[in-house]
Every structure is written in C-alpha cells, then in structure tokens.
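# Structural characterization, general
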Amino acid sequence: MVRTILIIAVLALAGLLLFAATRPDRFSLQRSIVIQASPDKLHALINDLHQFNTWNPYDKKDPAMQGSYRGPAAGPGARYEFKGNKEVGEGSLEITASTPTQVTMRLDMSAPMQASNTIDFTLVPRGSATEVTWAMQGNCPFIAKLMGVFINMDAMIGRDFEAGLASLKTIAEKT
C-alpha cells in the first residue's frame, strides 16, 4: 500500500514537471487604458522616472522602499535602482529607448529571483485622448514555468499594471 502511494506520488510529480516543461519559453502580457490627455503629457509622466514613480504601483506597495536615481533625469540612460519588501523585490529599471509615442525600459530583478524583462509603454492618439499600453515580455525559465502551473502570473501582474494605469489616468486628467 505505501509502495503504491509512493509510486503514484512520484508519477504525479514527474507529470507535473513534464507539464511545466511544455510551457512557453517566453511570456508576454499587456494592459491598456484610454486617458483624456495628450501623448506629450503622458510621455513626460513615463519618460522621467521621478514622475513615473508618482504613479508606479510597485512604488506604492512598499512606502519604505529604498531607491536611487542614476544617469540623466529622463530618457535613455535614466535608471532607478530599488530595494523593497517581498512584494517589490530588488533590482533596477532603466529607460533604453524613447520616442514621442513609445518608451522602452529594461527591468532587471535580482530578488526574489533573477529576471531581465523588457517593458514598453506605447502611446496612441485617439482623438483628444491617448490609448496607453503597458506591456512586458521576457524569458520564462523552468522555475517560472513551474510557478505558472499554480499561479496566474498574467492576472497577478496584470492587476498591478491596471492599478498603475488607473493612477496615471488620475494624475494626467487632473489638469
């Protein structure tokens, strides 16, 4: 009886590991919102990391987060290094490219696990408003694939993106 249970447990574990191995090697997620503001106004709130952190949902998750800015105030080379609680982790965010309609950033995490992801903010005029899309993509190592079997990362991170975009909307539409 114990041997049978042990064999079933080993087979279940092997099945779980095999299933996780079949998951995609890359992930991509995005959220969008329409904001009653010009692309120029929104670009300024994204392209300057000081302004970005006024609506960044991760900055709000840890009021005691330690952070420092490096490089130029805005645009390519602007960098923010942070160390926060378990919800935020530790890493850096750097603007790698910027045009009037798109800001690209690199997010390098060192804790709680190593990761390097690309973030894109795309600004598309919609009459007097602008559609803002926040997208992130990156590699999905085996441990992330395994976690993805139990945790819906798109829903979890997507909620944060939605909260951040809502906060950006509130700030941008104030004036």
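Because the structure is predicted, anything quoted here is derived from the model rather than measured. (Residues numbered from 1 in each chain as written. Predicted model: local features only at pLDDT ≥ 70, side-chain atom pairs only at ≥ 80, totals over all residues. Heavy atoms only, no water.)

### Quick look at the nonpolar core
For soluble globular proteins, nonpolar side chains are generally found buried alongside one another. Ranked by size, the top nonpolar core spans 32 residues in total, and within it I46, M105, F121, V132 and L168 carry the most contacts. Ranked by residues supplied to this core, first place goes to helix α6 (residues 153–172) with five residues. Discounting chain neighbours no more than four positions away, the residues touching L168 are I35, L42, L45, I46, W55 and V132. (Core = buried A, V, L, I, M, F, W, Y, C linked by side-chain atoms within 4.5 Å. Buried < 20%, exposed > 50% of the residue type's maximum accessible area, 1.4 Å probe, protein only. Helix = DSSP H or I, 4+ residues; strand = E, 2+ residues; numbered from the N terminus. Contact = heavy atoms within 4.5 Å.)

### Digging into the side chain of S167
Inspection of the secondary structure puts S167 in helix α6. With sequence-adjacent residues up to four places away left out, S167 is seen in contact with T54, W55 and K60.

### Digging into α6
Its 20 residues give α6 an end-to-end C-alpha distance of 28 Å, which sits within 8% of 28 Å, the value for a rise of 1.5 Å per residue. Inspection of α6 places I157, G158, D160, F161, G164, L165, S167, L168 and A172 among the buried residues, and these make up the whole buried set. Looking at the buried residues of α6, the elements they touch are β1 (26–35), α2 (39–47), α3 (49–55), α4 (57–61) and β7 (129–139). (Expected span 1.5 Å × (residues − 1).)

### Considerations on the packing of aromatic side chains
One pass over the full model with this rule turns up nine aromatic pairs. With a centroid separation of 6.1 Å and an interplanar angle of 25 degrees, the aromatic rings of Y80 and F82 are classed as stacked. For the pair formed by Y80 and F82, the shared burial category is buried. Their ring planes at 35 degrees and their centres at 5.0 Å tell us that F121 and W134 sit as a pair that is tilted. Taken together, the residues F121 in strand β6 (residues 115–126) and W134 in strand β7 connect sequence positions 13 residues apart. The buried category is assigned to W134, whose relative accessible area is 2%. Through pairs of rings, three or more aromatic residues link up here, namely F52, W55, F121, W134 and F161. (Phe/Tyr/Trp six-rings, centres within 6.5 Å; stacked < 30°, edge-to-face > 60°.)

### A closer look at a nonpolar patch on the surface
There is a patch of nonpolar side chains on the surface, built from L13, L17 and F142 and spanning about 260 Å² of accessible area. Topologically, L17 is positioned in helix α1 (residues 2–21). Owing to a relative accessible area of 34%, L17 belongs among the partly exposed residues under this scheme. (Patch = residues over 30% accessible without salt bridge, like charges linked within 9 Å, V, L, I, M, F, W, Y side chains within 5 Å. Areas by Shrake-Rupley, 256 points an atom, 1.4 Å probe, with all protein chains shown as cover. Salt bridge = Lys/Arg side-chain N within 4 Å of Asp/Glu carboxyl O.)

### Observations concerning the pattern of salt bridges
Taken as a whole, this structure holds eleven salt bridges when the rule is applied. Between K61 and D160 there is a salt bridge whose closest N-O contact spans 3.1 Å. One end of the pair, K61, is in helix α4; the other, D160, is in helix α6, and 99 residues separate them in sequence. Given a relative accessible area of 13%, D160 falls into the buried group.

### Some details on the pairing of β7
Extensive coverage of β7 is indicated by the burial of nine of its eleven residues. Of the pairings in the sheet, the one linking β1 to β7 comprises ten bridges and is antiparallel in character. Across the sheet, residue S28 finds its bridge partner in β7, namely Q137. For β6 and β7, the ladder comprises ten bridges, and the chain directions are antiparallel. When the bridges of β7 are listed, V124 appears paired with E131. Between β6 and β7, which pair antiparallel in sequence order, lie two residues; one of them, G127, sits at a positive phi of approximately 70 degrees. (Pairing = 2+ DSSP bridges.)

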